[in-house]
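Breakdown of the fold
For reference, the chains in residue letters:
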Amino acid sequence: MAVTRASGAAAPVPPWVRAVPLIPLALFIAFAARIASVASGAVWTFSAPWAPSLGLALTFRLDGLALLFALLITGVGVLITAFATSYLAGDPRLGRFQLFLLLFMGSMLGVTTADNAILLFIFWELTSISSFLLIGFDHQRKEARDAALEALLVTSGGGLALLAGLVMLGRAGGSFEISEIASVSGHPLYMPIVVTVALGCFTKSAQTPFHFWLPSAMEAPTPVSAYLHSATMVKAGVYLLARLAPALGGTATWTLLLGITGGVTMLTGSFLALRARDLKRILAYSTVAALGMLVLLLGVGTREAAVAAVLFLLAHALYKASLFLMAGTIEYDAGSRNVDELGGLGRAMPLAAVVTGVGALGLAGFGPILAFIAKETMLGSLLAAPTGAIAVTALLLASAMLTAVAVTIGWRLFWGESLRAPSGGAIRESKSLIAAPLLLAIASVAFAIVPAWAAAIVAPAASSVTGVWAALELHLWHGPGMPLLLSAGSLLGGLAIHFGLRRFDLAAATEGFVSRGPQRWYGWSITALVDGSARFSRLLQSGYLRSYVKIILVTVIALVASTMVKSGIAPTRQDWDEVRFHEVVIALVIMMAALVAVRSESRLGAVAALGVVGYGVALMFITFSAPDLAMTQFLVETLMVILFVQVIYHLPRFVRISPARTRAIDACISIAVGAIMTVFVIIAANESVPNDAARFFAEASYREAYGRNMVNVILVDFRALDTAGEITVLAIAAVGVYALLKIRGEAPGT
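We now turn to the structure provided with this report. (Residues numbered from 1 in each chain as written. Predicted model: local features only at pLDDT ≥ 70, side-chain atom pairs only at ≥ 80, totals over all residues. Heavy atoms only, no water.)

1. Concerning the overall build of the protein chain
Our working rule: A run of DSSP states H or I qualifies as a helix once it reaches four residues; a run of E qualifies as a strand once it reaches two. Both are numbered from the N-terminal end. Atoms considered for the radius of gyration are the C-alpha atoms alone. The globule rule reads 2.2 Å times the number of residues to the power 0.38. Type-normalised accessible area, obtained with a 1.4 Å probe on protein chains alone, sets the label of each residue: buried when under 20%, exposed when over 50%, and partly exposed for intermediate values. Contacts are residue-level and defined by heavy atoms, with any inter-residue pair within 4.5 Å sufficient. Neither His nor the chain termini are counted; the positive set is Lys and Arg, and the negative set is Asp and Glu. By convention, charge coordinates are those of NZ in Lys, CZ in Arg, CG in Asp, or CD in Glu.
From N to C terminus, the protein chain includes 32 helices and two strands. Relative to its length of 750 residues, the protein chain is extended, with a C-alpha radius of gyration of 36 Å against a globular reference of 27 Å. Classification of the 750 residues of the protein chain by burial places 46% in the buried group. For the protein chain, long-range pairs separated by at least 24 residues make up 78% of all intrachain contacts whose partners lie at least 6 apart in sequence. Across the protein chain, 49 positive and 40 negative side-chain charges occur, with their mean positions spaced 8 Å apart.

Right, here's the structure in full:
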């Protein structure tokens with residue numbers, strides 16, 4: 001849907017917002033200046049310390065593949081930011097929108113130029129966050145918020161898998177610098193690395209069954225759809241697969257995983273584009289199909305397939321960004337994106353008809369356009385591949401369906417039967433909105449007429465994928481041959497599909513099948529997650545302190561006991577022999593007092609019993625030659641007993657006693673905790689430990705802190721901040737008590 005524009009007077013556009021396109025323009029010029037040197041084999045690198053102890057550095061690398069993406073990101077970014085200035089003119093949120101675009105642009109440049117795997121992942125997640133902000137930009141609408149959340153959850157979920165894969169790849173390859181990692185196909189971690197990395201790339205690049213988030217993201221404003229979801233972000237997964245091909249490619253696992261996933265995605269996207277009626281969703285599904293083609297080509301693994309993938313990536317970015325911008329322009333001028341409501345727009349929008357027609361030719365892969373060269377190159381590379389027959393068949397079927405879609409977009413909307421004007425009035429062509437897609441269309445044609453320009457960019461990028469440097473020659477006309485014959489066949493098949501479906505409602509006929517797809521699975525998973533979280537929260541967050549204490553104690557018992565059992569730790573006979581008779585007597589007194597405290601039905605009796613427990617602990621301190629601690633314990637226990645008595649003296653007797661079952665469970669937990677801690681303390685007390693700490697405190701207490709009592713010095717000097725914190729807590733409690741007493745003293749009638 002279009003962005004909801006603010007009501008009222010149009011907000012003036014600040015000068016800095018109009019100057020935003022200059023930022024990507026400056027970057028584009030800087031990257032374009034590197035084309036000649038990179039084409040000759042140069043690689044630009046930058047490195048700075050980051051976390052040397054972990055072997056990590058802030059490393060950036062500009063080779064052929066990174067340069068191609070950098071040119072697309074900045075070049076298309078110039079046109080998108082300029083288009084957005086006109087498309088959102090008068091919207092007070094335009095400045096924020098441009099900032100979000102710049103944030104995404106910087107994140108994507110970081111992904112494509114980062115050589116450190118962990119640094120790349122950080123930028124990878126920043127693209128997810130910035131795309132979330134852009135997709136949900138029109139956050140007043142629930143559809144936009146849901147689409148943004150859907151994209152974030154799917155891509156971030158895959159991002160977690162990618163992080164695991166990159167960490168394993170760094171361990172297996174001996175470095176986190178991607179350029180330094182050789183093939184790890186023989187490493188035991190190869191399979192989990194491939195699966196996790198592929199999962200992260202597949203979610204980002206909308207491969208089946210994760211393709212559903214991309215059409216949903218069409219709730220974003222048109223500049224977002226054109227930028228993120230055709231030219232840049234959705235190709236991040238393709239970029240990473242290409243970047244890691246030297247380390248992970250060349251195996252049957254790689255070929256099958258990418259080949260099958262890419263082929264299924266290509267056919268799925270083409271079919272869904274054929275049945276969609278919303279113009280932006282049609283383009284979104286065709287983008288899914290294009291992404292599937294790219295993954296399929298990367299799975300083949302030959303140099304010819306790599307060249308075809310890189311060439312098609314460039315061609316697709318140009319014509320698809322142009323089509324997305326024209327979709328927004330058509331909606332802006334005609335008031336609708338539904339292809340069944342549009343027709344005969346050519347007379348009112350002649351320039352738009354030409355630009356859209358060029359983009360449609362790119363979608364069909366036909367005519368004097370770069371996409372035609374890319375299609376021929378794809379067919380040739382697949383024909384030369386060992387298992388190319390199946391791939392060629394799938395590609396021709398997908399191409400035929402996309403050709404049918406291209407006929408609808410490029411011909412029927414403008415020169416077909418004239419339909420009603422959804423805007424309710426005369427349609428006027430917005431020339432300012434057509435400038436950006438017109439330049440993209442011109443670039444598509446220019447690269448086809450002078451293919452050497454494309455070769456200068458594509459050759460070093462393909463060499464980065466294959467690791468083999470070789471020159472590249474591209475031609476608009478390859479002469480008659482099997483690729484041309486197959487391409488013509490797909491064109492005729494597309495025309496047949498288009499006219500054959502004119503009187504057949506494909507969307508209605510397949511609704512039942514499509515509605516049971518991954519989109520519904522996502523809904524089920526979110527519902528299950530929410531319901532499960534609610535049940536889990538009700539189980540753990542009961543609101544009763546005793547329940548939380550039980551969970552903590554049971555967890556402590558499980559962790560400590562399992563560790564002791566696994567490690568074979570147990571008190572020996574010698575450990576028990578160290579226990580003296582008077583210590584046993586004091587322990588029995590403490591245990592009896594604790595039992596009286598929990599069995600007593602009188603609060604005063606329970607408080608008195610707890611006092612006995614405290615005094616028993618103080619006696620234990622005395623037996624271990626800690627009279628200062630014992631004195632402190634005596635004072636604290638006496639004060640606590642007095643305070644308890646003063647507070648609860650007037651309270652009634654216990655009126656509710658826990659059920660027998662609850663008390664039995666509590667008793668078992670208490671006994672288990674006591675037993676575990678007893679064994680633990682006995683083992684720890686008799687464990688020989690280095691006396692370095694004792695020697696340090698003995699020597700430093702008098703020399704540095706001027707105190708002979710080592711315990712006091714530790715408390716007030718070596719643990720000064722801890723003691724200060726305790727004093728602060730007591731001070732806060734004292735202030736609270738004083739406030740309560742003052743309030744009571746000022747109460748009426750007192």
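2. Some words on the packing of aromatic side chains
Spelled out, the test is: Here the aromatic set is Phe, Tyr and Trp, taking the six-membered ring for Trp, and pairing holds for ring centres within 6.5 Å; pairs whose planes are under 30 degrees apart are stacked, those over 60 apart are edge-to-face, and all others are tilted.
By the definition in use, this model includes nine aromatic pairs. Considering the side-chain rings of Phe 100 and Phe 137, the 6.5 Å spacing of their centres and the 85° angle between planes classify their relative orientation as edge-to-face. Placement of Phe 100 in helix α5 (residues 94–113) and of Phe 137 in the loop between α6 (117–135) and α7 (142–173) is noted, with a sequence separation of 37 residues between them. For Phe 100, a relative accessible area of 18% corresponds to the buried category. Relative accessible area serves as the criterion here: at 2%, Phe 137 is assigned to the buried category. Taking the centre distance of 5.4 Å and the plane angle of 45° together, the rings of Phe 212 and Tyr 522 count as tilted. A residue pair is termed long-range when its members are at least 10 positions apart, and Phe 212 in the loop between α8 (190–204) and α9 (213–216) and Tyr 522 in helix α23 (residues 518–540) qualify at 310 residues. Taking relative accessible area as the criterion, Phe 212 reaches 9% and is therefore assigned buried. Residue classification places Tyr 522 among the buried residues on the basis of a relative accessible area of 15%. Feature note: the residues Phe 83, Tyr 87 and Tyr 332 constitute an aromatic cluster, connected by ring pairs.

3. Comments concerning the pattern of salt bridges
Applied cut-off: Counted as salt bridges are all cases of a side-chain nitrogen of Lys or Arg within 4 Å of a carboxyl oxygen of Asp or Glu.
A full pass over the atoms with the stated rule returns 14 salt bridges. We note a salt bridge from Arg 141 to Asp 138, for which the minimum N-O separation is 2.9 Å. Here Arg 141 makes a salt bridge to Glu 143, at a shortest N to O gap of 3.9 Å. Judged by its relative accessible area of 43%, Glu 143 falls in the partly exposed class.

4. Looking at the pairing of strand β2 (residues 56–62)
Short version of the rule: Pairs of strands are assigned from DSSP output, requiring at least two bridges between the strands.
In this sheet, β2 lies alongside strand β1 (residues 44–51) in antiparallel orientation, the contact comprising seven bridges. Counterpart to Ala 51 in the pairing with β2 is Leu 56. Counting the residues in the hairpin turn of β1 and β2 gives four residues, including Gly 55, whose phi is positive at 75°.

5. Things to note about the nonpolar core
Test applied: To form a nonpolar core, buried Ala, Val, Leu, Ile, Met, Phe, Trp, Tyr and Cys residues must be joined to one another through side-chain atoms within 4.5 Å.
Grouped together as the largest cluster of nonpolar side chains are 184 residues, with contacts concentrated most on Trp 213, Tyr 227, Leu 248 and Leu 370. Of the residues forming this core, the biggest block, 21 residues, is contributed by helix α15 (residues 303–334). Beyond its immediate stretch of four places on either side in the chain, Leu 370 contacts Leu 311, Leu 314, Ala 315, Leu 318, Ser 444, Phe 447, Ala 448 and Ala 454.

6. Thoughts on the environment of Gly 493
The residue Gly 493 is located in helix α21 (residues 482–500) in this model. Of the residues examined, Gly 493 reaches a relative accessible area of 23% and is grouped as partly exposed.

7. Describing the side chain of Arg 337
For clarity, the threshold we go by: Two N or O atoms count as a polar contact when they lie within 3.5 Å, although within protein this holds only if one can serve as hydrogen donor and the other as acceptor, and sequence-adjacent residues are included solely when both atoms are side-chain atoms.
Within the secondary structure, Arg 337 sits in the loop between α15 and α16 (350–364). One polar contact links Arg 337 to Asp 278, side chain to side chain, over a distance of 3.3 Å.

8. Side note on the environment of Phe 581
Counting through the fold element by element, Phe 581 comes out in helix α26 (residues 581–599). With 29 residues separating them along the chain, Phe 581 and Ile 552 place their C-alpha atoms 33 Å apart.

9. Details of the packing of α15 against α16
Working note: a packed helix pair is described by the angle between its axes plus the distance between those axes. Our working definition: Lines fitted to C-alpha atoms define the axes, with helix axes restricted to the stretch in contact, and inter-axis angles between N-to-C directions lie between 0 and 180 degrees. Note on angle classes: values under 35 degrees are labelled roughly parallel, values over 145 roughly antiparallel, values of 65 to 115 roughly perpendicular, and the remainder oblique. The handedness criterion is simple: a crossing whose near helix is rotated anticlockwise from the far helix by less than a right angle is left-handed, and one whose near helix is rotated clockwise is right-handed. Put simply, Ala, Val, Leu, Ile, Met, Phe, Trp, Tyr, Cys and Pro go in the nonpolar bin, Asp, Glu, Lys and Arg in the charged bin, and everything else, Gly too, in the polar bin.
α16 packs onto α15 with a crossing angle of 140° between their chain directions and a minimal axis gap of 9 Å. As summarised for this structure, α15 and α16 are arranged oblique, according to the angle between their axes. Helix-helix and strand crossings are classified by hand; for α15 and α16 the assignment is left-handed. Each of Tyr 319, Lys 320, Ser 322, Leu 323 and Met 326 in α15 lies in contact with α16, whose residues at this interface are Ala 352, Val 355, Thr 356, Gly 359, Ala 360, Gly 362 and Leu 363. Its residues assigned to classes, the contact of α15 with α16 shows seven nonpolar, four polar and one charged.

10. Digging into the side chain of Glu 429
In this fold, Glu 429 is placed in the loop between α18 (388–415) and α19 (431–449). Reaching out from Glu 429, the side chain makes a polar contact with the backbone nitrogen of Leu 351 at a distance of 3.1 Å. Among the polar contacts listed, one links the side chain of Glu 429 to the backbone nitrogen of Ala 352, at a separation of 2.7 Å. Those residues in contact with Glu 429 that sit more than four places away from it in its chain are Asp 333, Ala 348, Met 349, Pro 350, Leu 351, Ala 352 and Ile 434.

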